[in-house]
Amino acid sequence: MSGPKGAPARRGEAAGGVAATWAASADVVVVGSGVAGLTAALDAVEAGLRVVVVTKDAPDAGCTRWAQGGVAVVVGDVPADTVAAHVADTVAAGAGLCDPAAVESIIGAGPAAVRALQARGAVFDRRPDGGLARAREGGHSAFRVVHAGGDATGAEIERALVASANGLPMLAGHVALDALLDDAGRVVGLVVLDDRGVPGVLHAPAVLLASGGYGHLYASTTNPETATGDGIALALRAGATVADVEFVQFHPTVLWTPGANGRRPLVTEAVRGEGAPLLDRAGRRFMTEVHPLAELAPRDVVAAAITRRLAETGADCVWLDATGIEDFTTRFPTVSAACRAAGVDPVREPIPVAPAAHYACGGVVTDVAGRTAVPGLYAAGEIARTGLHGANRLASNSLLEGLVLGGRAARAVAADLAGPRGVAGAGAVRTPAIGIADRARVQRAMSASAAIGRDAAGLAAASDSVEAATLLRAPTDRSGVEDAALTLLAQAVLVAAGTRTETRGCHVRTDFPERDDRWQRASLVLGLDPAGAPVVRTELATRGAA
Ligand code: SIN
């Protein structure tokens, strides 16, 4: 086994409880190869840093390439739209928990980040007059979402970034196991397992986590198999805090087929943006009774309304009627292909859809430059909780955040490396044995009791179920690392969801169905207790959210 391409390899090192078979070094290890990770890696190289990217599957196997809708951004060529309006829509969707300063900072940096992405080769769809084409999605007051390949925006962004990253030292098929810390709690490296479970050590004064969210906490999700929360679990074990983890966003319109679980095809909100109504089993349009924006209400509102309708009618799905959209197949090739593969012709018949887990609005607490509370540990993209999303992410703000935070985190690493660093070589692996539960059991418990519609009894039952299934052992391969992460994430979500006794954004408590002003601007911050269990540390007050 050798070290990564471009980094010096040394054999035979040991790191605490793990007998590492190889070691290498870099200035920064980036974990994850989606929009945030590759943007960070490329910008770090431009800043003169030696970079190694660690990614547990193929470089393009993560969530980014599945993103359909696009990038929400105001680049100034739509006279009726402004950055201020985009900020206002983001704060409104966030249901009182956005940090307005973070929102302004990140949304304001969007245009430059999109231009940098275009300079790296990403090609967005254009109107006949040559301007960027725009879509509208839930919660947006304007047509401002730029897209590529119709509904294949993530695939185009990933293609451009992977092509730009060609030649970067990259360990594909390696999963991050644990951060190495020195005695002062500063990051000095990362322990990884290769696809045969062979451990290695990457010595580095900075580790930048961009490994995405945890959609696979639930039985049905839009996320690919990689979305198991590994980076968040790693950060918690390293001493970082997480916040807003109870706000798991369910996408309202995911293609429904009988009995199908795991990754499910998305039907982008842009279909509703083009005017497709949602119908119940009686063929009645129901969103007009729920919200003035009807099908274009923020995502949490639409997903909760569909869930209620399903309960009222006893149906398994509702229907999205896209038959009135001109050139549907050209505008939405990805959705069309998925529908046809499932035996549905979206041009002639309504598409059966139901909500499924989609996005983690919370995550590792960072500032707007990606710094966590642990010196040398950074986070960017879906894994991070910057304060942009609050209790419910505005559609298509995620690719934007990944672009902005990926770049900023790289520059924060470069700036911080000029200051004090951890003591190289002093790190030891601290967690040889961690709680691991059976994944299917965790997913069943979370889907039954911690999806849309939660109550105290269900959350307690889910906790009991996860606890009863949990054994202490050392993960020895990728699936062990993933199962351990999902177990810890389940515990964290259940603790936070049980503590938040109100309904807000993506967090719907059927036993506390109203928004409660006592929780206004209060994010729950969790850390680990000495036994490694998630506990609420504090409530983080966000500044002045409406
Ligand atoms: C979609 O295309 O509906 C998803 C976009 C997003 O999650 O932001």
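Only a predicted model underlies this, so the values are computations on that prediction, with no experimental measurement involved.

What counts, and where the lines are drawn
- The residue numbering used here restarts from 1 in each chain and proceeds along that chain's sequence as written.
- Restriction of local features to residues with pLDDT of at least 70 applies here, the model being predicted, together with a cutoff of 80 or more for giving and counting side-chain atom pairs; totals for whole chains, interfaces and linings are based on all residues.
- Water and hydrogen atoms play no part in the side-chain values, which are based on all heavy atoms of the structure.
- Per-residue accessibility, obtained with a 1.4 Å probe over protein chains only, is compared with the maximum for each type, and a residue is labelled buried under 20%, exposed over 50%, and partly exposed between these values.
- Numbering goes from the N terminus for both helices and strands, where a helix is a DSSP run of H or I of at least four residues and a strand is a run of E of at least two.
- Starting at the helix axis, one direction is taken to each C-beta atom, and the arc is that of these directions.
- In this description, contact between two residues means that some pair of their heavy atoms is separated by no more than 4.5 Å.
- Aromatic rings from Phe, Tyr and Trp, with only the six-membered ring used for Trp, were paired whenever their centres fell within 6.5 Å, and each pair was classed as stacked if the ring planes differed by under 30 degrees, edge-to-face if by over 60, and tilted otherwise.
- UniProt positions are given in the numbering used here, feature names are shortened, and annotations may be inferred rather than shown by experiment.
- In this analysis the probe radius is 1.4 Å and the grid spacing 1 Å, with only protein atoms considered; a cavity is a set of points the probe fits into but cannot get out of, a pocket is an open set with protein on both sides within 12 Å along at least five of seven lines, and lining residues have an atom within 4 Å of a point.
- Grid points are joined across faces, edges and corners, and a volume is the space filled by probe spheres set on the points.
- Side-chain classes are defined by residue name, with Ala, Val, Leu, Ile, Met, Phe, Trp, Tyr, Cys and Pro counting as nonpolar, Asp, Glu, Lys and Arg as charged, and the others, Gly among them, as polar.
- Convention adopted: a line fitted to C-alpha atoms gives each axis, helices being fitted over their contacting stretch, and angles between N-to-C directions are expressed from 0 to 180 degrees.
- For classification purposes, angles smaller than 35 degrees are called roughly parallel, those larger than 145 roughly antiparallel, those between 65 and 115 roughly perpendicular, and all remaining angles oblique.
- Crossing handedness follows the turn of the near helix against the far one: under a right angle anticlockwise gives a left-handed crossing, and clockwise gives a right-handed one.
- Being near a molecule or strand, for a residue, means having at least one of its heavy atoms within 4 Å of it.
- Definition of a polar contact: a pair of N or O atoms within 3.5 Å, with one able to donate and the other able to accept a hydrogen when the atoms are protein atoms, and with sequence-neighbouring residues admitted only if both atoms are side-chain atoms.
- In this description, accessible areas are obtained by the Shrake-Rupley approach with a 1.4 Å probe, and a residue is regarded as covered only by the protein chains that are shown.

Quick notes on helix 12 (residues 439-449)
Those residues of helix 12 lying buried are Val442, Gln443, Ala445, Met446 and Ser449. Viewed along the axis of helix 12, the buried residues span an arc of 165°, placing them on a single side of the element. In helix 12, those exposed residues whose orientation departs by more than 90 degrees from the buried face are Arg444 and Ala448. Elements in contact with the buried residues of helix 12: helix 13 (456-469) and helix 14 (478-499).

A short note on the packing of aromatic side chains
Using the criterion set out here, one finds two aromatic pairs in the structure. Relative to phenylalanine 250, the ring of tyrosine 218 has its centre 5.1 Å away and its plane inclined at 80°; by these criteria the two rings are edge-to-face. In this pair, tyrosine 218 is assigned in the loop between strand 12 (206-209) and strand 13 (220-221) and phenylalanine 250 in strand 15 (residues 248-255), connecting sequence segments 32 residues apart. Each ring, one from phenylalanine 328 and one from phenylalanine 332, has its centre 5.2 Å from the other, and the planes form 40°; the classification is tilted.

With respect to the UniProt feature "domain: FAD-dependent oxidoreductase 2 FAD-binding" (unreviewed entry) in the protein chain
On the UniProt side, "domain: FAD-dependent oxidoreductase 2 FAD-binding" (unreviewed entry) is annotated at positions that read residues 27-399 here. In residues 27-399, helix accounts for 26% and strand for 21%; the two terminal C-alpha atoms are 26 Å from one another.

A few points about the layout of surface pockets
Approximately 600 Å³ is the volume found for the second largest pocket. Along the walls of the second largest pocket sit 24 residues, with Ser220, Leu310, Ala354, Pro355 and Ala356 positioned nearest its centre. Listed by contribution, the elements that provide at least two residues to the lining of the second largest pocket are strand 15, helix 8 (299-313), strand 19 (351-360) and helix 12. Sort the elements by how many residues they give to the lining of the second largest pocket and strand 19 lands first, with four residues. Here the lining of the second largest pocket is composed, by residue class, of 15 nonpolar, seven polar and two charged.

A few points about unusual backbone geometry
Residues other than glycine predominantly adopt negative phi, and peptide bonds predominantly adopt the trans conformation. Phi angles above zero are rare outside glycine, and alanine 95 is one such case at about 55°. Summarising the element assignment, alanine 95 is placed in the loop between helix 2 (83-93) and helix 3 (100-108).

Side note on the packing of helix 13 against helix 14
Two elements in contact, helix 13 and helix 14, have axes whose closest approach is 10 Å; the angle formed by their N-to-C orientations is 155°. The orientation of helix 13 with respect to helix 14, classified from their angle, is roughly antiparallel. Classified by chirality, the crossing of helix 14 by helix 13 is left-handed. Taking contact as the criterion, the partners of Leu459, Ala462, Ser463 and Val466 in helix 13 are, on helix 14, Thr487, Ala490, Gln491, Leu494, Ala497 and Gly498. Its residues assigned to classes, the contact of helix 13 with helix 14 shows six nonpolar, four polar and no charged.

Examining the site of the ligand
Looking at the ligand, the residues that line it are Gln68, Gly69, Glu137, His251, Leu266, Thr268, Glu269, Arg299, His358, Arg393, Ala395 and Ser396. Threonine 268 is positioned such that a nitrogen or oxygen atom in its side chain is 2.6 Å from an oxygen atom of the ligand. Between an oxygen atom of the ligand and a side-chain N or O atom of arginine 393, the distance comes to 2.7 Å. In isolation the ligand has 250 Å² of accessible area, and contact with the protein removes 95% of it. The class makeup of the residues in the shell around the ligand is two nonpolar, six polar and four charged.

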